[in-house]
Number of protein chains: 2
Amino acid sequence: MEEKKTYTKQHTLLVATDCIVFGFDQGLLKLLVFKRRIAPLVGNWSLIGSFVNKDESVTDAAMRILVQFTGLQDIFLEELKVYSKVDRDYGDRCISIAQYALIRIDDYNEELVEKHGAKWFSFDELPRLVLDHNDMVADALEGIRIKARRRPIGLELLPEKFTIPQLQSLYEAIYQRPLDNRNFRKKLLSFGLLVKLDEKDKTTSKKGAFLYTFDYDKYKVLEESGFDFFL
Amino acid sequence: MEEKKTYTKQHTLLVATDCIVFGFDQGLLKLLVFKRRIAPLVGNWSLIGSFVNKDESVTDAAMRILVQFTGLQDIFLEELKVYSKVDRDYGDRCISIAQYALIRIDDYNEELVEKHGAKWFSFDELPRLVLDHNDMVADALEGIRIKARRRPIGLELLPEKFTIPQLQSLYEAIYQRPLDNRNFRKKLLSFGLLVKLDEKDKTTSKKGAFLYTFDYDKYKVLEESGFDFFL
DNA sequence: GCAAAAGTGTTCTCGTTACACCCATGC
DNA sequence: GCATGGGTGTAACGAGAACACTTTTGC
């Protein structure tokens, strides 16, 4: 391994990344956590995380563990913030870059998740996590609320084909308040970014709800010109 | 020094923080940069930065160098994002946590600034900076624009007593577009967060403009209950 | 036929925008 | 007295909020 050592007299630190993995299922926002496998605190619930290796960026590290735990590639991932208090980790001085990931629960590889001792919890049943991970979760929820007001990140939590009532229920979960279905639908469709399909999803009602897809290409164009999504 | 070494087999990394230091003067947004003093790239323009030491948080490190360069305590500082591409630093593998700082130019200690070879540049005259620092600046500008829509961070760039035309001119600089003065004033005052003083600032006009202060206590209360500042 | 969720329009309110003139003062 | 920047009000418009009933279909 090449070692340039230009900045010789400087201290190096342990750098970790922890992922707040959001999912959405049955009208509830969920979080993926797992049982920690390294000392100290072995066996306690923890966010999914890893140390950052010499040859990878922080994003690389996060993607690596997300694939490991969920089997999914191309997950939506965004930086939340850095946790660097000197005494935040009982094990050793270590900073952690928290990132949140949004994944489509119906896609994830159940087997992998279970093999790693991971588990989905809904927010109100979330157990006590190790270190400052509960703070990270709280900050992440705040973060996606703010972000959701400007970008259609909610869609990352739904299958490619989704219904409008599904989407509404998701936003109700994110904002923790009921939304008027007529107004929601009106505003949503006014963007002209949803493509109505000829299929219906009949799993939640007898009548069935039409499925839609999101026109990402069209959105990209709007985004460039400073367009803000959503309420 | 205590060394717990719990996470033994892990790699450690160099961790730096770079500060995008904004000021506002003469209707122009400005940036404080300085001539780099360590190899490689000695003598090139660089953001103000430092490595993070073992016994300090990232914020501590930033505050340390801000005091050093400006002599100012209690500077507004907020994390921007982490730059961690493997090859981003020619010197050695090193991640940097970029933070933006907002300071009141009229307060800063000119002597200290000059002693460190630092200099204020306005945006359009900003030179090429080392490494990925120009990217950081661009991201920071985007960041304060978004933030300014929700929080009164602009005030951190003005003296404690300021006039409404000053504030307007600041927001025009941040958003890079002219604002209507009647509408600006109306909305601003509608929050009931400005306290009109009996003094006028006569430096910019013969008539003089009334000075105001911001009611931070009242704002704190509103902020708690989910209040959003500004356009 | 009835329960349960999907889908549909209109009105009202309030905030945003557009717009032009007088005021105070130093020179 | 005039040039310069500070300060003021109103009307038109559009987006957001409030609000209730019909449709479809499985059972």
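Reading the values: rules and limits
Residues numbered from 1 in each chain as written. Chains lettered and ligands numbered in written order. Predicted model: local features only at pLDDT ≥ 70, side-chain atom pairs only at ≥ 80, totals over all residues. Heavy atoms only, no water. Pairing = 2+ DSSP bridges. Helix = DSSP H or I, 4+ residues; strand = E, 2+ residues; numbered from the N terminus. Contact = heavy atoms within 4.5 Å. Buried area = accessible area lost by both parts, 1.4 Å probe. Salt bridge = Lys/Arg side-chain N within 4 Å of Asp/Glu carboxyl O. Polar contact = N/O pair within 3.5 Å; in protein donor to acceptor, adjacent residues only side chain to side chain. Nonpolar A, V, L, I, M, F, W, Y, C, P; charged D, E, K, R; others polar.

Participant: Report on the sheet that holds strand β10 (residues 209–214) of chain A, specifying residues and quantitative values.
Facilitator: Residue and element names in this part refer to chain A. Taking strand neighbours across the sheet as the criterion, the three strands line up as β8-β10-β9 in an open arrangement whose pairing is antiparallel. In this open sheet, the two edge strands, each paired with only one partner strand, are β8 (162–163) and β9 (194–201). In terms of strand pairing, β9 meets β10 through five bridges, oriented antiparallel. Bridging from a neighbouring strand, K200 pairs with F210 of β10.

Participant: Lay out the interface of chain B and chain A with the relevant residues and their values.
Facilitator: Chain B puts 39 residues into the contact, and the matching count from chain A is 40 residues. A per-residue breakdown of the area chain B buries against chain A is headed by Y7, H11 and K54 of chain B, which together make up 21% of the total. Viewed at the interface, chain A and chain B are joined by two salt bridges. For D228 of chain B, the salt bridge is made with R149 of chain A, and the minimal N-O distance between the two is 3.8 Å. On the surface where chain B and chain A come into contact, there are 14 residue pairs in polar contact (both at pLDDT 80 or more). Looking at the side of chain B that touches chain A, the elements with two or more residues in it are β1 (12–25), β5 (76–83) and β6 (94–102) of chain B. Tallying contributions element by element places β1 of chain B first for the side of chain B that touches chain A, with four residues. Across the side of chain B that touches chain A, the residue classes break down as 16 nonpolar, eight polar and 15 charged. Pairing of strand β1 (residues 12–25) of chain A with β1 of chain B, which is carried by three bridges, proceeds in the antiparallel orientation. If you follow L13 of chain A over to β1 of chain B, its bridge partner there is L13 of chain B.

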